[in-house]
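Chain and residue survey
Read off the chains here:
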Amino acid sequence: MVAEFFKVLSEVSRLQIVCSLKTGAKNVTEIIAETELGQANVSKHLKILTQAGIVGREQRGVCVYYHIANPFLFELCDLVCEALAIQVEQQSQQLQQLSKLRQGV
């Protein structure tokens, strides 16, 4: 189940949709406007996100609004981003050290 959860989030377009929902519920038209993805693409990914339980949907009149089903998702994303930032910083420092060694400093 954990692997499936991360597999669903491993697609860039789905992450764009999730990020667009961070500020609140939106309908498909609003998601398209924010992500600049095509309608068919957004609909396909919303279906996958909904089936995975990441996104919920609510009927409001004739429109369907999508929202993040569990806000812990953004805490998880923040943790991953922090870890990646540390990793990139460490790699940058290693490259600087390598550059100094190559220059004989």
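Up top you'll find the structure we're talking about.
This text gives an overview of the structure that appears in the document. Every value quoted in this text rests on a predicted model; they were computed, and no experiment measured them.

**Details of the overall build of the chain**
Regarding its fold elements, the chain presents five helices and three strands. The N-to-C order of helical and strand elements in the chain reads α-α-β-α-α-β-β-α. Rg of the C-alpha trace for the chain: 19 Å, well past the compact-globule value of 13 Å for 105 residues, more than 25% over. In terms of its C-alpha atoms, the chain occupies a principal-axis envelope of roughly 70 × 30 × 20 Å. Taking the intrachain contacts of the chain between residues at least 6 apart in sequence as the baseline, contacts between residues at least 24 apart amount to 49%. Surface accessibility of the chain: about 7400 Å² in total, with carbon and sulfur atoms responsible for 58%.

**What to know about the nonpolar core**
Within the largest apolar cluster, 18 residues are counted, with the highest numbers of intra-cluster contacts made by Ile17, Val18, Leu46, Ile54, Val55 and Tyr66. Only α1 (2-9), α2 (12-20), α3 (28-35), α4 (39-51), β3 (63-68) and α5 (72-103) provide two or more residues apiece to this core. Here isoleucine 54 is in contact with Phe5, Val8, Leu9, Val18, Leu49, His67, Ile68, Ala69, Asn70 and Leu73, once residues within four sequence places are set aside.

**Quick notes on the packing of α3 against α4**
The contact between α3 and α4 brings their axes to 10 Å, and the two run at 115°. Comparing the axis directions of α3 and α4 gives the class roughly perpendicular. Every pair of crossing elements has a handedness; the one defined by α3 and α4 is right-handed. Residue-level contacts link Val28, Ile31, Ile32 and Thr35 of α3 to Gln39, Val42, Ser43 and Leu46 of α4.

**Some thoughts on unusual backbone geometry**
Even without being glycine, glutamate 36 reaches a positive phi, approximately 65°. Position of glutamate 36 relative to the elements: it lies in the loop between α3 and α4.

**Some details on α3**
Residue pairs spaced three or four apart in an α-helix point in one direction, given the helix's 3.6 residues per turn. Val28, Ile31 and Thr35 are the residues of α3 that are buried. Taken end-on, α3 shows its buried residues confined to a sector of 60°, consistent with a single buried face. Turned more than 90 degrees off the buried face of α3, the exposed positions are Thr29 and Ala33. Where the residues of α3 are buried, they touch α2, β1 (26-27), α4 and β3. Positive phi appears at glutamate 36, one or two residues downstream of α3, with a value of about 65°.

**Here we look at the pairing of β3**
Working note: regular strand, side chains alternate between the two faces of the sheet. As paired strands, β1 and β3 are joined by two bridges and run antiparallel to one another. Within β3, the residue paired with asparagine 27 across the bridge is tyrosine 65. Two strands pair when backbone bridges link them, and strand β2 (residues 55-60) and β3 are joined in this way by six bridges, in the antiparallel orientation. Bridge pairing in β3 links glycine 56 to histidine 67. Turn length for the β2-β3 hairpin, with the two strands adjacent in sequence and antiparallel, is two residues, and the turn residue glycine 61 shows positive phi of about 65°.

Definitions and cut-offs
Residues numbered from 1 in each chain as written. Predicted model: local features only at pLDDT ≥ 70, side-chain atom pairs only at ≥ 80, totals over all residues. Heavy atoms only, no water. Helix = DSSP H or I, 4+ residues; strand = E, 2+ residues; numbered from the N terminus. Rg over C-alpha atoms; globule rule 2.2 N^0.38 Å. Contact = heavy atoms within 4.5 Å. Areas by Shrake-Rupley, 256 points an atom, 1.4 Å probe, with all protein chains shown as cover. Core = buried A, V, L, I, M, F, W, Y, C linked by side-chain atoms within 4.5 Å. Buried < 20%, exposed > 50% of the residue type's maximum accessible area, 1.4 Å probe, protein only. Axes fitted to C-alpha atoms, helices over the stretch in contact; angles between N-to-C directions. Parallel < 35°, antiparallel > 145°, perpendicular 65-115°, else oblique. Left-handed = near helix turned anticlockwise from the far one by under 90°. Arc of directions from axis to C-beta. Pairing = 2+ DSSP bridges.

Note that every value here comes from positions in space, so none of it alone points to a role or purpose.
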